[in-house]
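Examining the three-dimensional arrangement
What follows is each chain in one-letter form.
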Amino acid sequence: MKDTLQKFMVENAPVRGELVEISATWQQVLARHNYPVAVKTLLGEMLSAAALLSANLKFNGVIVMQIYGDGPVKLLVVECDSDLRLRATAKMSEGAEVADDATLTELVNVNDEGRFAITLDPKDKMPGQQAYQGIVPLDGDTVATVIENYMLRSEQLDTKLWLAADDKVSRGVLLQKLPTEGGKEGGKIAPEEELETWNRLSMLGNTLRSEELLSTDIDTLMHRLFWEETIRVFDPQHPEFYCSCSREKVGNMLKMLGQAEVEDALASQEKLGINCDFCGQHYEFDAVDCAQLFIAETPADAAPHTDTRH
């Protein structure tokens, strides 16, 4: 079965929704790391959330979602591009011990220093264009609540999310109330009717429990939740795992460190070995490779290709 994201619109109401089911992609993420149970839960929930948000973006690029702070987990990051290609990783403090039922607060927000960030990085930037990044304090005790609060305050969009993940599957449901001009002119419904529809759909979503999300496929979930609604369903999309790391990107990272620092590192070892945090791909740069990096106008991928997979 392919991983699937299903979009729908509620007829005669400014509400859109999505359901996502990510299994194969999630397994590829987990195959490369041995995370504690609580970290798997949070990272899996972020995986579904990133796919759900990315599917609504109207640009060709990457959405990067990060939660970081001062607990045993230093960073949770998920990337999703406009083709719903995903990758994810987490970084933990050395020697950290995490209880299976540890909360988001206990993992990354022990001293209220946790932060949530979303970066929108267009693929084809205009001259001078930079990636957009929004960073806010970690406002909420679940991934869903943090994102809902971010979307309301930063994007002025009423958003409801229901997320669940275990070591087999990540699933999520999103509802969004779209901004409209009130009144019935032009076939639009009155504001009080819009609010009534939104509240009713939100209440339906609130009946979902994690156990139900984890054990029920999205087609069945959609029927259970919205069988009384008139909805328009779109063609499904299919998320997949993809890592954008490359030898050239690693070389550019070394160039950013500077020639002096790279040469200092080489003084104590024959080669510099770098592993991709997302996919585990291993890259090696020896003294000749590194020297070539700092020759003017020499791209990193011109160095001899000596990467090996571990």
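Summarised in this report is the structure supplied together with it. Only a predicted model underlies this, so the values are computations on that prediction, with no experimental measurement involved.

Rules of the game
Residues numbered from 1 in each chain as written. Predicted model: local features only at pLDDT ≥ 70, side-chain atom pairs only at ≥ 80, totals over all residues. Heavy atoms only, no water. Pairing = 2+ DSSP bridges. Helix = DSSP H or I, 4+ residues; strand = E, 2+ residues; numbered from the N terminus. Contact = heavy atoms within 4.5 Å. Axes fitted to C-alpha atoms, helices over the stretch in contact; angles between N-to-C directions. Phe/Tyr/Trp six-rings, centres within 6.5 Å; stacked < 30°, edge-to-face > 60°. Buried < 20%, exposed > 50% of the residue type's maximum accessible area, 1.4 Å probe, protein only.

Let us look at the sheet that holds strand β3 (residues 61-68). On the basis of which strands lie adjacent, the open sheet formed by six strands has the order β7-β6-β3-β4-β5-β11 and mixed pairing. Each having just a single partner strand, β7 (132-137) and β11 (240-241) make up the two edges of the open sheet. By the bridge criterion, six bridges tie strand β6 (residues 115-122) to β7 in an arrangement that is antiparallel. In the sheet register, Phe116 faces β7, and the bridge partner there is Val136. Packed on one face of the sheet, helix α2 (residues 37-54) meets β3, β4 (73-81), β5 (85-92) and β6 and runs near 30° to β4.

Attention now moves to the sheet that holds strand β9 (residues 170-177). The sheet built from five strands is open, its strands ordered β8-β9-β2-β1-β10 with antiparallel pairing. Each edge of the open sheet carries a strand with a single partner, namely β8 (158-165) and β10 (231-233). Taking each pair of neighbouring strands and ignoring which way they run, the sheet shows an average axis angle of 15°. Looking at chain direction, strand β1 (residues 4-10) and β10 are connected through three bridges and run antiparallel.

Per the counting criterion, the structure on display carries two aromatic pairs. Where Phe8 meets Phe226, the ring centres are 5.1 Å apart and the plane angle is 45°; that geometry is what we call tilted. Of the two residues, Phe8 sits in strand β1 while Phe226 sits in helix α7 (residues 218-226), which places them 218 residues apart along the sequence. Residue classification places Phe8 among the buried residues on the basis of a relative accessible area of 1%. With 5.4 Å between their ring centres and 80° between their planes, Phe116 and Tyr150 make a pair best called edge-to-face.

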